[in-house]
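Overview (structure and organization)
Okay, here's what each chain looks like letter by letter:
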Amino acid sequence: MSDLTPETTYIEYGTRPFLAVLFSLFLAGFAIFSSLYCVQPMMPIFAQFFNVSPTHSSFPLSFSTIALAIGLLFTGLISDRFGRKPVMVAALFLAASLSVISSIFTVWQVFLFNRILIGLSVSGVAAVAMTYIGEEVAKKDIGFAMGLYISGTAIGGMGGRLIAGVLIDYISWQSAMMIIGIINLCVATAFYLLLPPSKHFQSYPIRFKRFYESFIKNLTDKKLRLLFLQGFILMGSFVSVFNYMSYHLLEAPYQLSQTWIGLISIAYLAGIYSSPRAASWGRRFGRNIVLPAMLLMMLIGLLVMLLPSLWMLLAGLIIFTFAFFAAHSTASSWVSVQSLQYRAVGSSLYLFCYYLGSSVLGSSSGLVWERFGWMGLTVFISLVLGLGLLLALKLKP
């Protein structure tokens with residue numbers, strides 16, 4: 001395994017810097033998404049502790065993701081001025097510190113405000129990491145690197161859910177939040193030490209005219225608009241299922257404990273496999289084939305979850321999760337290539353729509369759950385995914 005030669009300025013597969021990038025961004029993905037999604041299995045606990053409805057119990061996640069979505073519109077601009085690595089390092093330390101601080105709040109409104117701050121800080125990694133990959137990794141390896149970064153986000157989401165879901169059967173939710181925050185402070189330190197500095201970053205002064213022009217450039221591209229909509233639909237559907245799965249599994253005939261509900265998040269392992277594989281499928285079959293195929297697979301997994309068996313529910317959840325991460329990996333890498341001239345803003349807009357979907361559909365689907373139960377939620381998400389499939393079929397190579 002060799003280091004980069006002076007002639008090779010882009011980081012390529014098989015080099016030590018490539019491994020350092022992948023491991024660092026893998027850790028970053030774990031940190032930000034465990035901070036974000038650790039509250040998901042706690043929703044029934046929040047409903048009891050704060051005396052709120054199931055829909056309101058989704059607010060700690062929804063408020064974080066809407067703040068994340070808004071922050072994404074500006075973190076790319078900030079990183080254009082101050083650099084990719086410094087912004088990501090600051091964001092990781094801030095998110096981890098806020099997770100520790102949030103463990104001492106027992107007032108609902110104060111807790112929600114802290115979750116908004118966590119969402120804003122997480123935005124400093126979410127879009128900038130994709131931009132860093134697009135700038136520093138060789139073009140032929142971008143899809144693979146992006147897929148492995150998304151695998152890190154999958155493990156982060158799984159880790160946050162799993163750690164919190166298991167711990168809250170034995171300790172308070174506050175203690176669980178404290179442990180996750182301390183783990184992520186260690187991750188932030190490792191990220192700072194391991195990630196290679198940017199070699200292709202060019203600093204730009206913060207000029208809102210350039211900011212506006214780059215947004216217009218991305219939004220006038222029809223293909224990018226369709227990909228942005230895909231982000232909204234994909235994440236909104238995924239979060240809706242996992243938000244209310246906890247309530248579903250507490251009910252008859254399952255009546256599972258919080259520990260077993262937390263363990264359901266092992267379905268994320270399917271996404272850890274499918275995210276990097278999606279890059280090779282895209283090269284072999286074309287992204288315009290892979291994306292609709294994965295949306296169709298998400299629909300199939302959703303329908304399998306209707307069968308009245310815990311094992312079939314888990315099988316359906318694994319299919320659904322496998323397809324979601326492959327679809328997200330495909331769409332996000334497509335945006336990175338398509339918005340070549342304004343890549344940072346393109347990534348920010350995609351992720352803005354992605355997390356906006358998490359907030360809007362993730363909370364509004366709670367109203368469907370409260371009124372119509374799991375069957376109603378399945379019908380609602382199926383309609384959303386059906387729309388996504390129709391839009392995906394309009395995308396051309």
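Here the structure is a predicted model, which means the values were calculated and not measured. (Residues numbered from 1 in each chain as written. Predicted model: local features only at pLDDT ≥ 70, side-chain atom pairs only at ≥ 80, totals over all residues. Heavy atoms only, no water.)

Counting its regular elements, the protein chain contains 15 helices and 0 strands. On C-alpha atoms alone, the protein chain measures out to a radius of gyration of 20 Å, which is about the 21 Å that the 2.2 N^0.38 rule sets for 397 residues. In terms of overall dimensions, the protein chain has a C-alpha envelope of 65 × 45 × 45 Å along the principal axes. Expressed as a percentage of the 397 residues in the protein chain, the buried residues total 61%. Put simply, of all contacts in the protein chain between residues at least 6 apart along the chain, 84% involve residues at least 24 apart. Total accessible area on the protein chain stands at roughly 15500 Å², and carbon and sulfur atoms take up 69% of it. (Helix = DSSP H or I, 4+ residues; strand = E, 2+ residues; numbered from the N terminus. Rg over C-alpha atoms; globule rule 2.2 N^0.38 Å. Buried < 20%, exposed > 50% of the residue type's maximum accessible area, 1.4 Å probe, protein only. Contact = heavy atoms within 4.5 Å. Areas by Shrake-Rupley, 256 points an atom, 1.4 Å probe, with all protein chains shown as cover.)

It is worth spelling out empty space enclosed by the protein at this point. Gaps left between atoms show up when a probe the size of a water molecule is rolled over them. Under the defined criterion, the tally for this structure stands at 2 cavities of 30 Å³ or more. One number sums up the size of the largest cavity: a volume of about 150 Å³. For the lining of the largest cavity, the secondary-structure elements that each account for two or more residues are helix H1 (16-37), helix H6 (108-136), helix H7 (142-167), helix H10 (222-250), helix H14 (310-338) and helix H15 (343-392). Tallied by class, the residues present in the lining of the largest cavity amount to 14 nonpolar, 4 polar and no charged. (1 Å grid on protein atoms, 1.4 Å probe; cavity = no way out; pocket = protein on both sides within 12 Å on 5 of 7 lines; lining within 4 Å. Points joined across faces, edges and corners; volume = space filled by probe spheres on them. Nonpolar A, V, L, I, M, F, W, Y, C, P; charged D, E, K, R; others polar.)

Turning to the side chain of serine 35, a few remarks are in order. Within the secondary structure layout, serine 35 lies in helix H1. A distance of 3.0 Å separates a polar side-chain atom of serine 35 from the backbone oxygen of alanine 31. Each residue touching serine 35, except ones within four places of it in the same chain, is listed here: Ala95, Ser99, Arg115, Ile118 and Asn184. (Polar contact = N/O pair within 3.5 Å; in protein donor to acceptor, adjacent residues only side chain to side chain.)

What follows is about the packing of aromatic side chains. Think of a pair of aromatic rings as described by two things: how far the centres are apart, and how the planes are tilted against each other in angle. According to the stated counting rule, one finds 28 aromatic pairs in the structure shown. With centroids separated by 5.9 Å and ring planes inclined at 25°, the aromatic side chains of tyrosine 350 and tyrosine 354 adopt a geometry described as stacked. On the criterion of helical spacing, the pair formed by tyrosine 350 and tyrosine 354 is a turn pair, its members being 4 residues apart in helix H15. By the burial criterion, tyrosine 350 is buried, and tyrosine 354 matches it. Cation over ring: arginine 81 sits above phenylalanine 82, and NZ or CZ is 5.2 Å from the ring centre. Between lysine 85 and the ring centre of tyrosine 192, over which it is positioned, the NZ or CZ distance is 5.6 Å. (Phe/Tyr/Trp six-rings, centres within 6.5 Å; stacked < 30°, edge-to-face > 60°. Lys NZ or Arg CZ within 6 Å of the ring centre and 35° of its normal.)

A few words now on the environment of glycine 286. Note on placement: glycine 286 falls in the loop between helix H12 (268-285) and helix H13 (287-304). For glycine 286, a relative accessible area of 15% puts it in the buried group. Between the C-alpha atom of glycine 286 and that of lysine 396, which follows or precedes it by 110 residues, the distance is 9.4 Å.

This part is about H1. Here H1 spans 31 Å end to end across 22 residues, near enough to the 32 Å set by a 1.5 Å rise per residue. Here H1 lies mainly inside the structure; 17 of its 22 residues are buried. (Expected span 1.5 Å × (residues − 1).)

What follows concerns the confidence of the model for the protein chain. Residues of the protein chain with pLDDT of at least 70 account for 95%, and the chain-wide mean is 86. Per-element confidence in the protein chain ranges from a low mean pLDDT of 73 for helix H9 (residues 208-219) to a high of 96 for H13. Confidence drops under pLDDT 50 across residues 1-7; counting only partners more than four residues distant or on other chains, this segment forms 15 contacts. (pLDDT = per-residue confidence, 0-100.)

Here we take up the state of the cysteines. Under the criterion given, the structure shown has 0 disulfides. You can see cysteine 38 has no disulfide; the closest cysteine sulfur is in cysteine 186, sitting 16 Å from it. For cysteine 38, a relative accessible area of 1% puts it in the buried group. (Disulfide = S-S within 2.5 Å.)

On the surface, a cluster of positive charge is made up of Lys222, Arg225, Lys394 and Lys396. Under the relative-accessibility criterion, arginine 225 is labelled partly exposed at 38%. (Patch = residues over 30% accessible without salt bridge, like charges linked within 9 Å, V, L, I, M, F, W, Y side chains within 5 Å. Salt bridge = Lys/Arg side-chain N within 4 Å of Asp/Glu carboxyl O. Lys, Arg positive; Asp, Glu negative; His and termini not counted. Charge placed at Lys NZ, Arg CZ, Asp CG, Glu CD.)

What the rule picks out here adds up to 2 salt bridges. When the shortest N-O distance is used, the salt bridge between glutamate 135 and arginine 84 registers 2.5 Å. Of this pair, glutamate 135 sits in helix H6 while arginine 84 sits in helix H5 (residues 84-102), and the two are 51 residues apart along the sequence. On the basis of relative accessible area, glutamate 135 is assigned to the buried category, the value being 14%. The partner of aspartate 141 in a salt bridge is lysine 140, and the shortest N-O contact between them spans 3.0 Å. When its relative accessible area of 54% is taken as the criterion, lysine 140 is described as exposed.

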